[in-house]
Amino acid sequence: MDRLGLPFIIAAPEVDETRRPDEPPQVLVLRLAESKARAVAPGHPGALIIGSDQVACIDGQVLGKPGGRDSAIAQLQRVSGKSVVFHTGLCLLNSATGRTQTLVEPFQVHFRLLTLERINGYLDREQPYNCAGSFKSEGLGIALFERLEGDDPSALIGLPLIRLVTLLESEGLDPLLMG
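Along each chain, residues carry numbers from 1 onward, in the same order as the chain's sequence is written. Residue-level local features of this predicted model are given only where pLDDT is at least 70; pairs of side-chain atoms are given and counted only at 80 or more, and the full residue set underlies all totals for whole chains, interfaces and linings. Note that the side-chain values use all heavy atoms of the structure and ignore hydrogens as well as water.

The next thing to look at is the overall build of the chain. Only runs of H or I of at least four residues qualify as helices and only runs of E of at least two qualify as strands under DSSP, and these elements are numbered from the N terminus. Looking only at helices and strands, the chain has 4 helices and 5 strands in total. Going from the N terminus to the C terminus, the chain shows its helices and strands as α-β-β-α-β-β-α-β-α. Here the chain has a C-alpha radius of gyration of 17 Å; the compact-globule value for 179 residues is 16 Å, and the two agree. Taken over the C-alpha atoms alone, the chain extends approximately 50 × 40 × 25 Å along its principal axes. Only heavy atoms matter for contacts: two residues are in contact if any of them lie within 4.5 Å across the pair. Across the chain, every contact between residues at least 6 apart in sequence was considered, and the portion connecting residues at least 24 apart equals 66%. Accessible area of the chain: about 9600 Å², with a carbon and sulfur share of 51%. The reference for a compact globule is 2.2 Å times residues^0.38; the radius of gyration itself is calculated from the C-alpha atoms. Using the Shrake-Rupley algorithm and a 1.4 Å probe, accessible areas are obtained, with residue cover drawn only from the displayed protein chains.

And the structure:
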């Protein structure tokens, strides 16, 4: 949000993020993004509220947050030389009108071949144990990638800013005309 030059506050909603049985990743992130926005709305009347959620998928399976080093090693070994799709759910809720706009933005990451030595070197330096897919693309994690594919590269860090600008414009807020 700093990149857009818009004033904002961060609120951490209490939302159960448990995936429902057989829930497709795109449905999950859309549901959670909207649930997060709605959970925050009562405390912020008259505000535009952004909810977002992201999951990483490989071969149709969701990669969660590793939580620790052993799981991070296993995740990075699994994605070595493969492609992972990140689905980011975005919700813009106008708490004054109740209008919601939602979307899912996919982004694909192609990983380099990763040896155990390279994985350990990365984890020693960054410890991305609370990040889906076990990496931080805005940091050293970029060195894990061979190439990236998608319409909105900011989606990879969890908030697709290009798509968000379009949603904000439909609410009469143009970041280029602020200031």
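On to the layout of surface pockets, then. The computed volume of the largest pocket comes to approximately 1600 Å³. Lys-36, Ser-52, Asp-53, Gly-158 and Leu-159 are, among the 47 residues lining the largest pocket, the residues nearest its centre. Looking at the lining of the largest pocket, the elements that each hand over two or more residues are helix H1 (25-40), strand S1 (48-58), strand S2 (61-63), strand S3 (83-94) and helix H4 (161-170). Of all the elements, S1 adds the most residues to the lining of the largest pocket, at 8 residues. Among the residues making up the lining of the largest pocket, the classes are represented as 31 nonpolar, 8 polar and 8 charged. Two kinds of site are reported from a 1 Å grid over the protein atoms alone, namely cavities, where a 1.4 Å probe fits but cannot get out, and pockets, open sets with protein on both sides within 12 Å along at least five of seven lines, and residues are called lining when an atom falls within 4 Å of a point. Grid points are joined across faces, edges and corners, and a volume is the space filled by probe spheres set on the points. Residue polarity is assigned by list, with Asp, Glu, Lys and Arg as charged and Ala, Val, Leu, Ile, Met, Phe, Trp, Tyr, Cys and Pro as nonpolar; anything else, Gly included, falls into the polar class.

Right, let's talk about the packing of aromatic side chains for a bit. Centres within 6.5 Å make a pair out of two Phe, Tyr or Trp rings, where for Trp the six-membered ring is used; the pair is then stacked when the planes are under 30 degrees apart, edge-to-face when over 60, and tilted otherwise. Per the stated rule, a full pass over the model turns up 4 aromatic pairs. Pairing Phe-86 with Phe-135 gives two aromatic rings, centres 5.4 Å apart and planes at 85°, and the pair type is edge-to-face. Taken together, the residues Phe-86 in strand S3 and Phe-135 in the loop between helix H3 (116-126) and strand S5 (145-149) connect sequence positions 49 residues apart. Taken as a pair, Phe-86 and Phe-135 share a single burial class, namely buried. Aromatic side chains Phe-135 and Phe-145 sit 5.0 Å apart centroid to centroid with 85° between the ring planes, which places their arrangement in the edge-to-face category. Of this pair, Phe-135 sits in the loop between H3 and S5 while Phe-145 is found in strand S5, placing the two residues 10 residues apart along the sequence. Think of it in three bands: residues with accessible area under 20% of the maximum for their type are buried, residues over 50% are exposed, and the middle band is partly exposed, with areas taken using a 1.4 Å probe on protein chains only.

The subject of this paragraph is the packing of helix H2 (residues 69-79) against H3. Geometrically, a packed helix pair is captured by the angle between its two axes and the distance between the axes. Interaxial angle, 0 to 180 degrees, is taken between N-to-C directions of lines fitted to C-alpha atoms, where a helix line uses only the stretch in contact. Close contact between H2 and H3 brings their axes to 10 Å; oriented N to C, the two are set at 135°. Considered as vectors, H2 and H3 are oriented oblique to each other. For the pair H2 and H3, the sense of crossing is right-handed. Taking contact as the criterion, the partners of Arg-69, Ala-72, Ile-73, Leu-76 and Gln-77 in H2 are, on H3, Leu-116, Ile-119, Asn-120, Tyr-122, Leu-123 and Asp-124. What sets the label is the angle itself: under 35 degrees gives roughly parallel, over 145 gives roughly antiparallel, 65 to 115 gives roughly perpendicular, and the rest give oblique. In a left-handed crossing the near helix is turned counterclockwise from the far helix by less than a right angle, and in a right-handed crossing that turn is clockwise.

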